[in-house]
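Take a look at the letters that make up each chain.
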Amino acid sequence: MTTDGMQKAPTKRSELQMARSMCWHCQSEITGEYFCEQCVKVQPLSKEMDYFTCLGLPRLLNIDLAALEAKFYDLSRAFHPDFYQRKTASEQDISLGNSAMLNTAYRTLKDPVLRAEYLLRLEAGSAKDIRTSPPADLFEEILTLQEDLEAFRAASDQAPAAVASLRTKLAADRELLEQRQRDMEARLLELFSRWDALHDRRPQAAPATPHSQQDKEAVLKEMRELLSNRTYLRNIVNDLIATTA
Amino acid sequence: MAYSEKVVDHFNNPRNMGSFKKDEEDVGTGIVGAPECGDVMKLQIKVQDEKIVDARFKTFGCGSAIASSSLATEWLKGKTLQEAQQIKNTDIVQELNLPPVKIHCSVLAEDAIKAALNDYKKKTEEKK
């Protein structure tokens, strides 16, 4: 994906979002710019604008981080409150609001996990049922591990031999869990690519089929599952580290 | 935001912490989790003649999650299965004065109650 291609062909979404508004100051039509062409006043970012659109990116999961950063710096400079000190109160408000949204958008998209969580929220309406059934096996496993941790805490005062063997067992558990975390991260990246492939809008890409909606829902569902399980695993690993440290 | 006095009390003196043997006939077990924060909650009921005679919980999570499940076990004891079904997360929110960001903890406790009741129901139906 190149940034050039994106600039030449802005997504329909961003055109629509901008086209329906007019300048709050001089009421002239705004055609997709952050500043009114007539009176040069800064324009507020639409609250409904999604973060991808805000930062000029297509709604994909593998993103061009360099392009993201460049656009972020670019817009930060344009909206920064320091440059609006001598402007009107309305312009100062807009500068502040835009900067806040821009910062949140950048923070969210920069981090792959936050990015995926955000995409899931955006897509929640289009997929019928992203909700997944609770991972019963994982819960059982976590409860067993927590019981081992309790035993370890209880033993740590008196029984040195028991502590040593528990510590060895917990260290082995921790290694396995950390390996699973790495596997999850790898799988998440695979899902990123699958999602992006389903959204390839280039002309040579395969046309949308009835299957692709199902495929999308499957990817979203697995991603939802993976992100939840990742949180459960992270907690138990953190507990393991804190207790055995 | 500080925890309410009641949350702190349940956190420091959890009621009915522990567990029953899962495979016993008169025990219903519910294990649920909150994917947002990674909390895991286990809640168990012991039933005699359609009445909950005892309850236990084990929760690995924040203070509000622990307090919600501790309170839930207190409320469950002595209730009939039907009465237990009526416990709502909003009752827990009210009793513990949970702030909006902690409402999901009370939802987790309600889910755990429902899961334990369902598990018990399934067990008794299989027996028939």
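Definitions and cut-offs
- Residues numbered from 1 in each chain as written.
- Chains lettered and ligands numbered in written order.
- Predicted model: local features only at pLDDT ≥ 70, side-chain atom pairs only at ≥ 80, totals over all residues.
- Heavy atoms only, no water.
- Helix = DSSP H or I, 4+ residues; strand = E, 2+ residues; numbered from the N terminus.
- Buried < 20%, exposed > 50% of the residue type's maximum accessible area, 1.4 Å probe, protein only.
- Contact = heavy atoms within 4.5 Å.
- pLDDT = per-residue confidence, 0-100.
- Expected span 1.5 Å × (residues − 1).
- Pairing = 2+ DSSP bridges.
- Axes fitted to C-alpha atoms, helices over the stretch in contact; angles between N-to-C directions.
- Salt bridge = Lys/Arg side-chain N within 4 Å of Asp/Glu carboxyl O.
- Phe/Tyr/Trp six-rings, centres within 6.5 Å; stacked < 30°, edge-to-face > 60°.
- Buried area = accessible area lost by both parts, 1.4 Å probe.
- Parallel < 35°, antiparallel > 145°, perpendicular 65-115°, else oblique.
- Left-handed = near helix turned anticlockwise from the far one by under 90°.
- Core = buried A, V, L, I, M, F, W, Y, C linked by side-chain atoms within 4.5 Å.
- Domains from an automatic or database assignment.
- Polar contact = N/O pair within 3.5 Å; in protein donor to acceptor, adjacent residues only side chain to side chain.
- Nonpolar A, V, L, I, M, F, W, Y, C, P; charged D, E, K, R; others polar.

A. The overall build of chain A, seen in detail. A tally of helices and strands in chain A yields 9 helices and 0 strands. Along chain A, helices and strands appear, N-terminal first, in the series α-α-α-α-α-α-α-α-α. Expressed as a percentage of the 245 residues in chain A, the buried residues total 39%. Pairs at least 24 residues apart make up 65% of the contacts formed inside chain A by residues separated by at least 6 positions.

B. The confidence of the model for chain B, seen in detail. In the predicted model, chain B carries a mean pLDDT of 93, and the fraction of residues at 70 or more is 99%. The ipTM assigned to the predicted complex is 0.84, against a pTM of 0.78.

C. Looking closely at unusual backbone geometry. Notably, valine 40 of chain A is not glycine yet its phi reads approximately 65°, a positive angle. Within the secondary structure, valine 40 of chain A is located in the loop between helix 2 (12-19) and helix 3 (51-54).

D. Just helix 2 (residues 63-76) of chain B, in detail. Residue and element names in this part refer to chain B. With 14 residues, helix 2 should cover 20 Å at 1.5 Å per step; its first-to-last C-alpha distance of 20 Å lies within 8% of that length. Most of helix 2 sits out of view: 12 of its 14 residues are buried. In this structure, the buried side of helix 2 is in contact with helix 1 (5-12), strand 2 (39-48), strand 3 (51-60), helix 3 (81-85), helix 4 (89-96) and helix 5 (103-127). Just downstream of helix 2 lies glycine 78, where phi reads positive at about 90°.

E. Layout of the sheet that holds strand 1 (residues 27-34) of chain B. Residue and element names in this part refer to chain B. Spatial strand order, 1-2-3: 3 strands in an open sheet with antiparallel pairing. Bordering the open sheet on either side are strand 1 and strand 3, each of which pairs with just one other strand. Sheet twist, expressed as the average angle between the axes of neighbouring strands with direction ignored, equals 15°. Contacts between helix 5 and the sheet are confined to strand 1, strand 2 and strand 3, with strand 1 contributing the most and set at about 145° to the helix.

F. View of the pattern of salt bridges. All names here are of chain A. Counted according to the given criterion, the structure contains 20 salt bridges over all chains. In this structure, the salt-bridge partner of glutamate 190 is arginine 187, at a minimum N-O distance of 2.6 Å. In this pair, glutamate 190 and arginine 187 both sit in helix 8 (residues 160-198), 3 residues apart, roughly one turn of the helix. Assessed through its relative accessible area of 46%, glutamate 190 is described here as partly exposed. If you follow the salt bridges from partner to partner, you end up with Asp50, Arg59 and Glu123 in one network.

G. Expanded view of the packing of aromatic side chains. Residues and elements named next belong to chain A. Going through the model one piece at a time under the given rule, you end up with 7 aromatic pairs over all chains. Judged by centre distance (6.0 Å) and plane angle (35°), the rings of phenylalanine 52 and tyrosine 118 are tilted. With phenylalanine 52 in helix 3 and tyrosine 118 in helix 6 (residues 112-123), this residue pair connects regions lying 66 residues apart in the sequence. The buried category is assigned to phenylalanine 52, whose relative accessible area is 1%. Consider the rings of phenylalanine 72 and tyrosine 106, whose centres lie 3.8 Å apart with planes at 5°: the pair is stacked.

H. Summary view of the interface of chain A and chain B. Taken together, the contact between chain A and chain B spans 12 residues of the former and 14 residues of the latter. Buried surface at the junction of chain A and chain B, both sides included, amounts to about 1100 Å², of which 61% is carbon and sulfur. Considering only the surface of chain A that becomes buried against chain B, Phe139, Leu143 and Tyr232 of chain A emerge as the three largest contributors, covering 43% of it. The interface formed by chain A and chain B holds 3 salt bridges in total. As a salt-bridge pair, glutamate 140 of chain A and lysine 22 of chain B come within 2.5 Å of each other at their nearest N and O atoms.

I. Focus on the packing of helix 7 (residues 136-155) of chain A against helix 8 of chain A. Residues and elements named next belong to chain A. Here helix 7 crosses helix 8 at 150°, and the two axes come no closer than 10 Å. Judged by the angle between their axes, helix 7 and helix 8 are roughly antiparallel. Helix 8 is crossed by helix 7, and the crossing has left-handed handedness. Contacts between helix 7 and helix 8 involve Leu138, Glu141, Leu145, Asp148, Leu149, Ala151, Phe152 and Ala155 on the former and, on the latter, Val163, Leu166, Arg167, Lys169, Leu170, Asp173, Leu177 and Arg180.

J. Quick look at the nonpolar core. Counting residues in each nonpolar core, the largest one holds 57 residues, and the members touching the most others are Leu55, Leu109 and Met223 of chain A. Those elements that provide at least two residues to this core are helix 3, helix 4 (65-79), helix 5 (89-110), helix 6, helix 7, helix 8 and helix 9 (210-244) of chain A. If you tally residues by element for this core, the top one is helix 9 of chain A, at 10 residues. Two domains each provide a minimum of three residues to this core, namely domain 1 (1-110) and domain 2 (136-244) of chain A. When near neighbours in sequence (up to four residues on either side) are disregarded, leucine 55 of chain A contacts Leu68, Lys71, Phe72, Leu75, Leu102, Ala105, Tyr106 and Leu109 of chain A. Among the nonpolar cores identified, the runner-up in size contains 30 residues, and Val7, Val32, Ala109 and Tyr120 of chain B belong to it.

K. Region of interest: the domain arrangement of chain A. Residue and element names in this part refer to chain A. Split into domains, chain A comes out as domain 1 (1-110) and domain 2 (136-244). Taken over both partners, the interface formed by domain 1 and domain 2 buries close to 510 Å², and the fraction arising from carbon and sulfur atoms is 58%. At the junction of domain 1 and domain 2, the tally comes to 0 salt bridges. Joining domain 1 to domain 2, the criterion identifies 3 residue pairs in polar contact (both at pLDDT 80 or more). For the side of domain 1 that touches domain 2, the class distribution of residues is 2 nonpolar, 1 polar and 1 charged.

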